[in-house]
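Secondary and tertiary structure notes
So the chains spell out like this:
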Amino acid sequence: MDEIELRRQDRVEVVTISRPEKKNCCTKAMWTELGRLFTELKHDDDVRAVVLTGAGGNFCTGADISEFAAVRGDAEQAADYGQQVMFAEHAITELSKPVIAAIQGYAVGGGCGLIVCADFRVSDRSGRFGIPAARLSIVYGMEGLQKLANIVGVTNAKKIMYTARRFTAEEAEGMGLVDMLVDGDPVEAAVEFALSMTDNAPFSIMGAKIGLNAVASGRMEATEAGYRDLQMRASNSEDYREGRMAFMEKRVPVFQGR
């Protein structure tokens, strides 16, 4: 799909939403493609981290409302449309590798929903954030609200949802929605940050992400059995042996993810 571009830098995959003439608003097909790509990246051992960004000076302005009459015209279509958005969001959240959103311009509506699925958010000072559901008579999904509240707190989440206004990058940083505010290129900053993680043990990062996401979503009990299995895999892995040997030999370990 032309609207989603891929570029690899070392072991970092840069995924760009590329529909700049529409401020990168997403069609139903684009949501589906994002979900498919992030699902595939889960199985690509050459990729250790992902940067998600937008082309042309904006991150993403959410859903393409101009197609709603055709693809989201009634409750049945709305449910199907919502499933495709959730497919994309779940694939980003559940990717067992760090995901960093690099933001310029608008990250509003579904675009803001995408950035809260990432592990980290890097923005320049042009960043503008908001969720205008209250201006469209849309009841926002509970899962999205939970992610938002986990990042900014319940009171700030209510401020975002109740006012439906746009917040500056500085305001977003103050709320915790932006982790790193930069004066240069946020994609370059995000890639540099991602590269600082790519030499670390994939099993360790995977475990931390699964475990912390379970804590944040209140799914610790449901995740416990799979988490114990991952701990056993890590303890039996070549990477664990490599880490021990590197420590003893006073050298940098080279982890393979197996």
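Let us look at the structure shown here. (Residues numbered from 1 in each chain as written. Predicted model: local features only at pLDDT ≥ 70, side-chain atom pairs only at ≥ 80, totals over all residues. Heavy atoms only, no water.)

We now examine helix α9 (residues 202-217). For α9, spanning 16 residues, the distance from its first C-alpha to its last is 22 Å, which sits close to the expected 22 Å at 1.5 Å a residue. The inward-facing, buried residues of α9 abut α3 (75-94), β4 (99-103), α10 (220-235) and α11 (238-249). Positive phi appears at G218, one or two residues downstream of α9, with a value of about 70 degrees. (Helix = DSSP H or I, 4+ residues; strand = E, 2+ residues; numbered from the N terminus. Expected span 1.5 Å × (residues − 1). Contact = heavy atoms within 4.5 Å.)

Here the focus is the sheet that holds strand β5 (residues 106-108). In space, the 3 strands of this open sheet follow the order β5-β7-β8, with mixed pairing throughout. The open sheet has two edge strands, β5 and β8 (167-168), and neither has a second partner. Where β5 meets strand β7 (residues 128-130), 3 bridges bridge the pair, whose relative direction is parallel. Across the sheet, A107 pairs through a bridge with F129, a residue of β7. (Pairing = 2+ DSSP bridges.)

Attention shifts here to the sheet that holds strand β1 (residues 4-9). Strands sit in the order β1-β2-β3-β4-β6-β9 across an open sheet of 6 strands; the sheet is mixed. Each having just a single partner strand, β1 and β9 (180-182) make up the two edges of the open sheet. In this sheet, neighbouring strand axes are inclined to one another by 20 degrees on average, regardless of whether the strands run parallel or antiparallel. The pairing of strand β3 (residues 49-54) with β4 spans 3 bridges and is parallel. Within the sheet, the bridge partner assigned to L52 lies in β4 and is A101. Where helix α1 (residues 28-41) meets the sheet, its contacts fall on β1, β2 (12-17), β3 and β4, and the angle it forms with β2 comes to roughly 175 degrees. Lying over the sheet, helix α8 (residues 186-195) contacts β1, β2, β3, β4, β6 (120-124) and β9, oriented at roughly 165 degrees with respect to β4. (Axes fitted to C-alpha atoms, helices over the stretch in contact; angles between N-to-C directions.)

As a further point, take the nonpolar core. L34, F38 and I115 are the most contacted members of the largest nonpolar core, which has 48 residues in total. No other element matches the 6 residues that α1 contributes to this core. If we ignore the near neighbours within four places in the chain, the residues touching L34 are I4, V15, I17, C26, L52, A88 and L114. Counting 14 residues, the second-largest nonpolar core is a separate cluster that includes V12, I100, A189 and A190. (Core = buried A, V, L, I, M, F, W, Y, C linked by side-chain atoms within 4.5 Å. Buried < 20%, exposed > 50% of the residue type's maximum accessible area, 1.4 Å probe, protein only.)

Relative to the helices and strands, R135 is located in the loop between β7 and α5 (142-152). On the basis of relative accessibility, which here comes to 60%, the residue R135 falls in the exposed class. Put simply, R135 and M161 are 26 residues apart on the chain and 9.9 Å apart in space, counted from C-alpha to C-alpha. The residues contacting R135, other than those within four sequence positions of it, are T163, A164 and R165.

The next point concerns the packing of aromatic side chains. Per the counting criterion, the structure on display carries 2 aromatic pairs. When the centroid spacing of 5.4 Å and the interplanar angle of 70 degrees are considered together, the rings of F68 and Y81 count as edge-to-face. Residue F68 is found in helix α2 (residues 68-71), and its partner Y81 is found in helix α3; the two are separated by 13 residues along the sequence. For Y81, a relative accessible area of 3% gives the class buried. On the numbers, 5.0 Å between centres and 75 degrees between planes, the contact of F120 with F193 is edge-to-face. Placement of F120 in strand β6 and of F193 in helix α8 is noted, with a sequence separation of 73 residues between them. Under the relative-accessibility criterion, F120 is labelled partly exposed at 29%. Against the face of F68 rests R72, its NZ or CZ located 5.3 Å from the ring centre. Over the ring of Y240 we find R244; its NZ or CZ atom is 4.7 Å from the centre of that ring. (Phe/Tyr/Trp six-rings, centres within 6.5 Å; stacked < 30°, edge-to-face > 60°. Lys NZ or Arg CZ within 6 Å of the ring centre and 35° of its normal.)

Once that is clear, we can look at the packing of α1 against α3. Packing of α1 against α3 leaves a shortest axis separation of 8 Å and a crossing angle of 30 degrees. The angle between the axes of α1 and α3 places the two elements in the roughly parallel class. Crossing handedness for the pair α1 and α3: left-handed. Mapping the contact onto sequence places K28, W31, T32, L34, G35, R36, F38 and T39 in α1 and D80, Y81, Q84, V85, F87, A88, A91 and I92 in α3. Partitioned by chemical class, the residues of the contact of α1 with α3 number 9 nonpolar, 4 polar and 3 charged. (Parallel < 35°, antiparallel > 145°, perpendicular 65-115°, else oblique. Left-handed = near helix turned anticlockwise from the far one by under 90°. Nonpolar A, V, L, I, M, F, W, Y, C, P; charged D, E, K, R; others polar.)

We now examine the pattern of salt bridges. Per the counting criterion, the structure on display carries 17 salt bridges. Linked through salt bridges whose partners overlap, the residues forming this network are R8, E13 and D44. (Salt bridge = Lys/Arg side-chain N within 4 Å of Asp/Glu carboxyl O.)

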